Amino acid sequence: MGVAAMSKSRTRLPASERRLTRRDEGFTVIELMVAMAIFSIFLTVVLASIISITKASTKVQVTSQSSSAELAVFQRIDREIRYADSVNFPGVGSPSGDTYIEFRTPATSVSSGMTLCTQWRYDVATRTLQNRFWNDGSAPTANWQTDLTNMPNDGGATYPFQLIPATNATSGSTMQELQLILDTGN
């Protein structure tokens, strides 16, 4: 009698209450799809922002590095050419097509006390600006030092060098002038 009485004493919940408890147990497929769609849109916006920030940061960094390298080259050439006693007109190497400028710095202006010859060249094949130097009277060294890279030739036959002779009618200068035009980076 005890077992039978127990089974009969159980009460069943009404159908409306049973549905409520099932509904509280989880999400429907439609609710999950809506939540995933909202999260996907949010994730897309965040990733697009991160990619945009990264590209902008990289561009600023490349521009900064290119500008710093260009400034260093300008300052070095300015310092070297300022003390030169002779500057040759820009030339074009054969058969390479590399353009170059050469100048001589007297012994009185060099710490070593020896007259120094310097050559700067724009290497067309590698799109680099390079320099080398040697003591006057000896053969030029083959050791080229690269100062700038990624320089497209957008300036003509003697790019990036242009020498304007002294007493030029257009400049009115009594001193010759070396113009250096650089375009580097991306």
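Computed from a prediction, not measured in an experiment: that's the story for all the values here.

Overview of the pattern of salt bridges
Two side chains with opposite charge may pair up if their charged atoms get near one another. One pass over the full model with this rule turns up 7 salt bridges. For arginine 76, the salt bridge is made with aspartate 147, and the minimal N-O distance between the two is 3.6 Å. A residue pair is termed long-range when its members are at least 10 positions apart, and arginine 76 in helix 3 (residues 29-82) and aspartate 147 in strand 6 (residues 145-148) qualify at 71 residues. Judged by relative accessible area, arginine 76 falls into the buried class, the value being 17%. In this structure aspartate 147 comes out as partly exposed when scored by relative accessible area, which is 22%.

Some words on a nonpolar patch on the surface
Together, Phe39, Phe42, Leu43, Leu47 and Ile50 make up a nonpolar patch on the protein surface, roughly 510 Å² of accessible area in all. Turning to its location among the elements, phenylalanine 39 is positioned in helix 3.

The rules behind each value
- Residues numbered from 1 in each chain as written.
- Predicted model: local features only at pLDDT ≥ 70, side-chain atom pairs only at ≥ 80, totals over all residues.
- Heavy atoms only, no water.
- Salt bridge = Lys/Arg side-chain N within 4 Å of Asp/Glu carboxyl O.
- Helix = DSSP H or I, 4+ residues; strand = E, 2+ residues; numbered from the N terminus.
- Buried < 20%, exposed > 50% of the residue type's maximum accessible area, 1.4 Å probe, protein only.
- Patch = residues over 30% accessible without salt bridge, like charges linked within 9 Å, V, L, I, M, F, W, Y side chains within 5 Å.
- Areas by Shrake-Rupley, 256 points an atom, 1.4 Å probe, with all protein chains shown as cover.

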